[in-house]
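Fold and geometry: a report
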Amino acid sequence: MDTKNKTFYQELMEKGYSRRDFLKFCGLVGGMLGLQSTGVAQIIDALQTKPRKPVIWEHFQECTCCSESFLRASHPLVGQILLEMISLDYSDTLMAASGEQAEAVRAESMKNNYGKYILIVEGSVPLGSPGYCTIAGRSAKQVFDESAAGAEAIIAWGNCASSGCIQHARPNPTKTEPVHKIFSGKPVINVQGCPPIADVMAGVITYILTFERLPELDNMGRPKVFYGRRVHDTCYRRPAYDAGLFVQSFDDENAKKGYCLYYMGCKGPNTFNSCAVIKWNNCVSYPIQSGHGCIGCSEPNFWDYAPLYSHIPNVHGIGIEATSDKIGAALSAVTLGGVLVHAVVTNIQKRKLIKNQMDDISINTEEYERQKARMERERERIANQESRIDNESEKTN
Amino acid sequence: MISRKPALREVYVWQLPVRIFHWVNAFTITVLIVTGFIIGDPPAIMHGTAPEFNYWFGWVRLAHFIAAFIFVINLLVRIYWAFAGNVFARWNNFIPLTRKQINGIFETIKVDVLLLTPKPVYDIGHNSLAAFTYFGLLLVSIVQIVTGFAMFSASSNAWYAPYFEDLLISMNGFFPVRNIHHILMWFFVLFVIVHVYLVFYHDYIERNGVASSMIGGWKFINDKVVEQFLSEEKENERLEVDRKIEQSELKEDINA
Ligand code: HEM
Ligand code: SF4
Ligand code: SF4
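Our subject in this report is the structure included herewith. In this text the structure is predicted, and so the values were computed from the model without any measurement.

The rules we used
Residues numbered from 1 in each chain as written. Chains lettered and ligands numbered in written order. Predicted model: local features only at pLDDT ≥ 70, side-chain atom pairs only at ≥ 80, totals over all residues. Heavy atoms only, no water. Helix = DSSP H or I, 4+ residues; strand = E, 2+ residues; numbered from the N terminus. Rg over C-alpha atoms; globule rule 2.2 N^0.38 Å. Buried < 20%, exposed > 50% of the residue type's maximum accessible area, 1.4 Å probe, protein only. Contact = heavy atoms within 4.5 Å. Near = heavy atom within 4 Å. Nonpolar A, V, L, I, M, F, W, Y, C, P; charged D, E, K, R; others polar. Axes fitted to C-alpha atoms, helices over the stretch in contact; angles between N-to-C directions. Parallel < 35°, antiparallel > 145°, perpendicular 65-115°, else oblique. Left-handed = near helix turned anticlockwise from the far one by under 90°. Pairing = 2+ DSSP bridges. Donors = N, O, S within 2.8 Å, 3.2 Å for Na, K, Ca; no water. Tetrahedral: all angles 85-135°; square planar, octahedral: opposite > 155°, others 65-115°. Polar contact = N/O pair within 3.5 Å; in protein donor to acceptor, adjacent residues only side chain to side chain. Phe/Tyr/Trp six-rings, centres within 6.5 Å; stacked < 30°, edge-to-face > 60°.

To continue, consider the overall build of chain B. The helix and strand tally for chain B stands at eight helices and two strands. Each helix and strand of chain B, ordered N terminal to C terminal, gives the series β-α-α-α-α-α-α-α-β-α. For chain B, the C-alpha radius of gyration of 24 Å lies well beyond 18 Å, the compact-globule estimate for 256 residues. Its C-alpha atoms give chain B principal-axis dimensions of roughly 75 × 70 × 30 Å. Counting every position in chain B, which comprises 256 residues, the buried fraction comes to 43%. Of the contacts formed within chain B by residues at least 6 apart in sequence, a portion of 68% connects residues at least 24 apart.

As C-alpha cells, then:
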C-alpha cells in the first residue's frame, strides 16, 4: 500500500539515483516545456511531494514503437518517469505479470482509482471485425470503453492513437479509428509522432503531474509547446532552402554538402514537431541530420499524402495514378487542343459573320419578345394586386 | 477597300476601377502561378556557392507573398465595387438568378461553345456564361486565399496569423491544405487559356472591341441592343416605382 503513495523522488532515491540526477532531469524538462526558473522549482516540488499518478496503459493496433521510443530516452530519468513517476499499474507490454493475473491487476486498479487514473492509449481501435485486435478475449473497442469510463484524462500516444497511422491509410481495411474519433467527453491529448520523441512524452506527463492541468493544446489536441513550430522552421538546413540549394539525388555532391532535402520530398515544411530542437536518441541526431527527409510522421494521415520522395501530390481515385502536375499539364494540353479545334470550327461556322456578310445581324429578337411578355405579366400582377387591395379597403370601410 | 457602316453605338461599359482590377488581377495571378509553380517544384538552379551567399528561393517566396497580398486587396476592392459600380459591374451579373441569365447561359453554350448557329449572342457587359464562370473564379480564389493564408501563418507573426494557424490545424494541417493549394493552381492555368482565347474569339467574329474595352472602357454595341437595353432599364425602373407604390399602399392599409 505504502509503495503506491511514494513520490517519484523517493522512488528514485531508493533506486540509487543521486539528487543531482534528479535536479538535472527537472531542469531538462523545465527547459523543454519553456518554463522559467520558478516553473522548474514547481516541478522539483511536485515530484518530491505529490504521490505518483496511477496510469493504465493500453496497447491496441500498433507496432510498440512508442514504448520503444521512451525506453531509448535521452536522460536516464526520462524513461524512469514513465515507469516510476507514474505508477504504471497495467501495461501488457511492460508488466511482469501476464494472463489472468495481469487482467486482475488492471480491474483492481481501475476500481480503486476510478475517476483518478490517466489512461494512456497506444495504438488505434479497429471498428471492423473484433478479430483485428482482441486482448484477453475482448475486442479492442470493449477494452477501450472500459478503461476510458473511469479515466481522468486520456493521453493518445503516437500517431496510431492520435490519427490512425499506417493502418488507417487508405483504404483503411480494418476500419480503425484514433481515440478522439471514437470518444468524447474527456480531455484527449494527442502526443503525435511515429513514434513521439521520448522527451516529449516525459514532458507532457511531468506537466500534468506538476500543474494538475493539461498543457495548452492546438486544434488537433497536440501540446503547443512541442508541436507549435514546424520542423522546417527549426531545421539547420533552412539556409540552404532559402538559397535554393537542393539535394537532387541522395548520392550527389549536394547531399554531401548537406543541402536542403526539400526537392527529395522532405515534409519538414508540412510538419509540426520538435525533432530539430530536441532531437532523438540522446539528442544525437534527427532524420534530416542523417540525410533523409522528414516524412511528416506527426501529422494526421501522413501516409495518404504520397509520394514520400516528392512534393508534387499524387492524385487518386480517377482511375489513373499520376502526379497532379502531370494531370494539370495534360489538361492544359487538351484545353489548348480544344481551343484550336474551336478556332477552326469558328472559321467555318461563323464565316458569314466574320466576313461581315450576314444580312440579318439582328439581335436575338425571340429573347426580346420573351422579356417583353414577362414584363407585361408582371405589370398585370401588380395591377391585379392593387385592385384587390382597393376592393378590400372598400369592404373594411 | 472593304468597308461597312453598321449601326453601332459606343457604350462606356468598364469603369476605371473595373479595368484596374482586371489588369492587377491578371498580373498578380500570373506572378502567383509562376512563383507558386517554382515553390512547388523548384528548378535546379545551383550556384555552387554556400547558402550564405544566396537567397533566390527566398525571393521567389517573397514575390509570391507580395503578389498574394496585392491579389487579396485588389479582390476586396472589386467586391466593394460590385455594390457601388455601374450595372455591368454589379454583383447580380455574376449569379444567374433570373430567367434571363439562365436562358443566356444555354444560349451562349449553343452559340459560342458548340457553334451551332452563325448568329451571335449580343450582350453589352459580360455574357451570362462568362459572368457565371467569373463567379466560379471568385470561389476558387477564395479557397486559394484561405489555404494560402493558412500556410502563410506558419511564416508570419502578424496579428491574424494565429487565427489562420488555428484554421490550418483544423483543416488537418499542411498536407491537405498544400495539396488543395497546389492542385487549384491548375484551375487558374486552364482559366487563363480559355479566357484569353475567348477574348480573341469574340473580337474576331463580332468586332465589338472587347479586347481594347478593358483598356479604354468603351465597347461598340449594335444600336438595337442598346435600344433594347435602355427600354428594359426604363421598364425595370417603372416596375420598381410601381412596387414601391404598392408597398406603401399596403402599409397604409395595414395602418388604417
Ligand atoms: C492565384 C492564386 C494563387 C496561386 C495560383 C498559388 C499557387 C501556389 C502554388 C502552386 C504553390 C506551391 C504549393 C506546393 O508547395 O506544392 C503555392 C504555395 C504557397 N502559396 Fe500560393 N497561390 C495563390 C495564392 C496565394 C495566396 C493568396 C496566398 C496567401 C498568402 C498564398 C500563399 C502561399 C504559401 C504560404 C505557399 C507555401 C509556400 C512555402 O512552402 O513556403 N498563395 N502557391
Ligand atoms: S531539409 Fe526539410 S525541414 Fe530542413 S529546410 Fe529543407 S525542407 Fe525544410
Ligand atoms: S523529422 Fe519528421 S518524420 Fe522524422 S520523426 Fe520528426 S516529424 Fe517524424
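Let us now look at the site of ligand 2. In the neighbourhood of ligand 2, the contacting residues comprise H232, C235, R237, R238, Y241, C260, L261, Y262, C266, G268, P269 and I288 of chain A. In terms of residue class, the shell around ligand 2 is made up of eight nonpolar, two polar and two charged.

Residue and element names in this part refer to chain B. Across the interface, helix 1 (residues 16-40) lies against helix 2 (residues 56-84) with an axial gap of 8 Å and an inter-helix angle of 150°. One element, helix 1, and the other, helix 2, form an angle in the roughly antiparallel class. The two elements helix 1 and helix 2 meet at a crossing, and its hand is left-handed. Per-class residue counts for the contact of helix 1 with helix 2 are 19 nonpolar, six polar and two charged.

As a further point, take the pairing of strand 9 (residues 188-191) of chain A. Residues and elements named next belong to chain A. A two-sided burial pattern is seen for strand 9, the buried positions comprising V188 and N190 on one face and I189 and V191 on the other. In terms of strand pairing, strand 7 (residues 151-157) meets strand 9 through four bridges, oriented parallel. Bridged to W157 within strand 9 is V191.

The next point concerns the coordination of the iron atom of ligand 1. Residues and elements named next belong to chain B. Protein ligation of the iron atom of ligand 1 involves H64 (NE2) and H181 (NE2), the donor distances falling in the range 2.0 to 2.1 Å. Taken together, the six donor atoms coordinating the iron atom of ligand 1 and their angles of 85 to 178° define a geometry best described as octahedral. Residue H64 is located in helix 2, and its partner H181 is located in helix 6 (residues 174-206); the two are separated by 117 residues in the primary sequence. For H64, a relative accessible area of 12% puts it in the buried group.

All right, on to the environment of I145 of chain B then. Residue and element names in this part refer to chain B. Mapped onto the elements of the fold, I145 is located in helix 4 (residues 128-152). With a relative accessible area of 17%, I145 lands in the buried category. Along the chain, I145 and H181 lie 36 residues apart, while their C-alpha atoms are 8.7 Å from each other. If we skip the residues at most four places from it in the chain, I145 touches F71, V72 and L75.

Residue and element names in this part refer to chain B. Neighbouring ligand 1 are 23 residues, the closest being R61, H64, R178, H181 and H182. Contacts to ligand 1 include R61, whose side-chain N or O atom sits 2.6 Å from an oxygen atom. One of the side-chain N or O atoms of R178 is found 2.6 Å from an oxygen atom in ligand 1. Among the residues making up the shell around ligand 1, the classes are represented as 14 nonpolar, seven polar and two charged.

Considering all chains together, one arrives at 35 aromatic pairs over all chains under this definition. Both rings, one in F302 of chain A and one in W303 of chain A, keep their centres 4.7 Å apart while their planes meet at 35°; by these two values the pair is tilted. For F302 of chain A, a relative accessible area of 1% translates into the label buried. Taking the relative accessible area as the measure of exposure, W303 of chain A reaches 30% and is therefore partly exposed. Taken together, a centroid distance of 6.0 Å and an interplanar angle of 90° make the contact between F187 of chain B and F188 of chain B edge-to-face. Look at F188 of chain B and you get buried, because its relative accessible area is 6%. Ring-pair connections join several aromatic residues into one group, and the members of that group are F65, F69, F149, F152, W159, Y160 and F164 of chain B.

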